Amino acid sequence: QVQLVESGGGLVQPGGSLTLSCAASGASLDDYDIGWFRQAPGKEREGVSCIGDDDRITYYADSVKGRFTISRDNAKNTVDLQMNSLKDEDAAVYYCAAGGRAFCFYAQTVGVMRTDFGSWGQGIQVTVSS
């Protein structure tokens, strides 16, 4: 079983940038499709981005497309989410999750992310404030 830990969150001003990192132990992340989700208080969990196990598929929600970039660093066994031009509505707890090889293909094809990823990190806070 793969264990996931998010890092890199914190406080940023509107228009600023943060990079979140999802680090794994117990398995190699390049064997999994990796998704990033977020949840703000009182709101439903939202799928943000997804990267396929072989890096050939990426998905971005319309709300973050053009501002966020997902990538792998296999040497560090991490998946990163670079967040630029942050807005107030980006504030949330962000989670990374590991799933099977078809998860990101589903997101790319259907336009929404699956929520039945097998392993989840503990979440990390991103606050956008002046």
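Shown above is the structure to which this text applies.
Draft legend 1. Fine view of the overall build of the protein. The number of helices and strands found in the protein is one helix and 11 strands. Reading the secondary structure of the protein in the N-to-C direction produces β-β-β-β-β-β-β-β-β-α-β-β. A globule of 130 residues ought to have a C-alpha radius of gyration of about 14 Å, and the protein, at 13 Å, matches this closely. With the principal axes as the frame, the protein shows a C-alpha extent of 40 × 30 × 25 Å. Counting every position in the protein, which comprises 130 residues, the buried fraction comes to 45%. For the protein, the accessible area works out to roughly 6,500 Å², and carbon and sulfur atoms hold 45% of it. Here the protein contributes 11 positive and 16 negative side-chain charges, whose respective centroids are spaced 3 Å apart.

Draft legend 2. Main features of the pairing of strand β9 (residues 92-99). Counting buried residues in β9 gives six out of eight residues, a clear majority hidden from the surface. Relative to strand β11 (residues 124-128), β9 is paired through three bridges, and the arrangement is antiparallel. Its bridge partner lying in β11, valine 93 is registered against glutamine 125. Sheet topology note: the β9/strand β10 (residues 119-120) ladder contains two bridges and is antiparallel. Across the sheet, alanine 98 pairs through a bridge with serine 119, a residue of β10.

Draft legend 3. Highlighting the state of the cysteines. The final tally for this structure, using the stated rule, is two disulfides. With its sulfur 2.1 Å from that of its partner, cysteine 22 forms a disulfide with cysteine 96. Residues cysteine 22 and cysteine 96 are joined by a disulfide whose S-S torsion is about 70°; by sign, that bridge is right-handed. Linking cysteine 22 in strand β3 (residues 18-25) with cysteine 96 in strand β9, this pair joins segments that are 74 residues apart in sequence.

What counts as what
Position numbers for residues count from 1 along each chain, tracking the sequence in the order it is written. Restriction of local features to residues with pLDDT of at least 70 applies here, the model being predicted, together with a cutoff of 80 or more for giving and counting side-chain atom pairs; totals for whole chains, interfaces and linings are based on all residues. Side-chain measures were taken over the full set of non-hydrogen atoms in the model, leaving aside hydrogen atoms and water. Note on conventions: DSSP H or I runs of at least 4 residues are helices, E runs of at least 2 residues are strands, and numbering of each starts at the N terminus. The size measure is the radius of gyration over C-alpha atoms, and the globule rule it meets is 2.2 Å times the number of residues to the 0.38 power. Relative accessible area decides the class of each residue, using a 1.4 Å probe on protein chains only: under 20% of the type maximum gives buried, over 50% gives exposed, and in between gives partly exposed. Computed by Shrake-Rupley with a 1.4 Å probe, the accessible areas treat only the displayed protein chains as cover when residues are assessed. Residues counted as positive are Lys and Arg, residues counted as negative are Asp and Glu, and His and the chain ends are not counted. In this description, the location of a charge corresponds to atom NZ of lysine, CZ of arginine, CG of aspartate or CD of glutamate. Here, any two strands with at least 2 DSSP bridges between them count as paired. A pair of cysteine sulfur atoms is labelled a disulfide when the two atoms are within 2.5 Å.

Read these as layout, nothing more, since geometry by itself doesn't imply function.
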